[in-house]
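What follows is each chain in one-letter form.
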Amino acid sequence: MKKTVLLFVTMFLLTGVSIAQSRAYSVKGGLTIGTQQWEGIDRDPLFSYHGAASIESVPEDNSFALFAQLGYHVKGSAWRNTFFSGPTGNISVSTQKFEYKNVSLLLGFKRNFLERTNSNVYYLMGVRGDYTVGTNLDEYVAFNEFNNAPVYPFDEAVRKWNYGVTVGAGVEFPFAEYVSGILEISISPDFSDQYRQGAFSASVIQNGSSVLRSFPERKIRNLVLEISVGFRFLHKIEYID
């Protein structure tokens, strides 16, 4: 309970929102499309999900609003293998997912640049810090042990703390005086490595024989595109003389 209260107090201070000022709260979630490169080779996109809650200032002069957002994002990439079988050419697709489950804190600003009676269009920018709370890489431990080499990423080389930026744009649709719907798209590149593994050599099984193979350094960074829908709730402070 104390940690929750401290978190929200910190978010208030970071966004410059005081109790005497108007402010807005938002909740949203949706589709996350994650991409990564391994040794300079693009992996297939990972289709996953995210959810976030935010608090923002509401300036009276419609200038830049400051916001803080706390979210959960499943990032990563995939590896899809297509197989043809049978004389009719039947196709089957096998997908391997590499998921990094991150809690993110985003601090930034947003501003309306196109206001209409039935919608507001805005853009946003911010700096972001991520902490990795889990992965699904344990699914590939047995395969790596069988080959005596980390063909797939492993948890010990995952970097827990990462940082980057987020830019995006969205539309708000008023449902009532203090409630609006949100449709938003954003892109979030990391500036740090989610995964870092040094170069090494190891004996691997190849065509039934043990072969010495060199593995290059592996650095993996996240780049995600997110499409969000949600709600924005306005808490308006009015002064009466």
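Rules of the game
Throughout, a residue's number is its position along its own chain's written sequence, starting from 1. Where local features are concerned, this predicted model is filtered to residues with pLDDT of at least 70; where side-chain atom pairs are given and counted, the filter is 80 or more; whole-chain, interface and lining totals use all residues. Only heavy atoms go into the side-chain values, all of them from the structure, while hydrogens and water stay out. The definitions used throughout rest on a 1 Å grid laid over the protein atoms alone, on which a cavity is an enclosed set of points accommodating a 1.4 Å probe that cannot get out and a pocket is an open set flanked by protein within 12 Å on both sides along at least five of seven lines; lining residues are those having an atom within 4 Å of a point. Grid points are joined across faces, edges and corners, and a volume is the space filled by probe spheres set on the points. In this description a helix means any DSSP run of H or I spanning at least four residues, a strand means any run of E spanning at least two, and both kinds are numbered starting from the N terminus. Under the scheme applied here, a residue whose accessible area is under 20% of the maximum for its type counts as buried, over 50% as exposed, and between as partly exposed, the area being computed with a 1.4 Å probe on protein chains only. Any N or O atom pair separated by 3.5 Å or less is treated as a polar contact, with the protein-specific requirement of one donor-capable and one acceptor-capable atom, and with residues adjacent in sequence counted only for side-chain atom pairs. Should any heavy atoms of two residues lie within 4.5 Å, those residues are counted as being in contact. Two aromatic rings from Phe, Tyr or Trp, using only the six-membered ring of Trp, form a pair when their centres are within 6.5 Å; if the ring planes differ by under 30 degrees the pair is stacked, by over 60 it is edge-to-face, and anything between is tilted. Note on criteria: charge over ring means Lys NZ or Arg CZ within 6 Å of the ring centre, with the direction from the centre no more than 35 degrees off the ring normal.

Colleague: Outline empty space enclosed by the protein, listing residues and values.
Modeller: The final tally for this structure, using the stated rule, is two cavities of 30 Å³ or more. The computed volume of the largest cavity comes to approximately 160 Å³. What lines the largest cavity is a set of 19 residues, among which Gln69, His73, Leu106, Thr166 and Glu226 lie closest to the centre. Mapped onto the lining of the largest cavity, the elements with two or more residues apiece are β4 (46-57), β5 (65-85), β6 (90-115), β7 (120-135), β9 (179-189) and β14 (223-235). Taken together, Ser26, Lys28, Ser54, Glu56, Phe67, Gln69, Lys110, Tyr122, Leu124, Ile182 and Glu184 form the lining of the second largest cavity. Looking at the lining of the second largest cavity, the elements with two or more residues in it are β1 (23-35), β4, β5, β7 and β9.

Colleague: Describe the environment of leucine 70, and please don't skip the residues or the numbers.
Modeller: On the secondary structure map, leucine 70 appears in strand β5. Considered as a pair, leucine 70 and serine 104 are 34 residues apart in the sequence and their alpha carbons are 5.7 Å apart.

Colleague: Residue-level account of the side chain of aspartate 193, with values.
Modeller: One can find aspartate 193 in the loop between β9 and β10 (195-197). Given a relative accessible area of 4%, aspartate 193 falls into the buried group. Only 2.9 Å separates the side chain of aspartate 193 from the side chain of arginine 221, close enough to count as a polar contact. Apart from residues lying up to four places away in sequence, aspartate 193 is in contact with Arg159, Asn162, Lys219, Ile220 and Arg221.

Colleague: Can you explain the packing of aromatic side chains? Please cite residues and give values.
Modeller: Under the criterion given, the structure shown has 14 aromatic pairs. Considering the side-chain rings of phenylalanine 98 and tyrosine 152, the 5.7 Å spacing of their centres and the 35 degrees angle between planes classify their relative orientation as tilted. Taken as a pair, phenylalanine 98 in strand β6 and tyrosine 152 in the loop between α2 (141-147) and β8 (161-174) lie far apart in primary sequence, 54 residues in all. Across the pair, tyrosine 152 and phenylalanine 98 agree in class, each one buried. The side chain of lysine 110 reaches across the aromatic face of tyrosine 122, ending 3.9 Å from its centre. The residue whose ring lies beneath arginine 111 is phenylalanine 64, and the NZ or CZ to ring-centre distance is 4.7 Å.

Bear in mind that shape data such as this cannot, by itself, settle questions of function.
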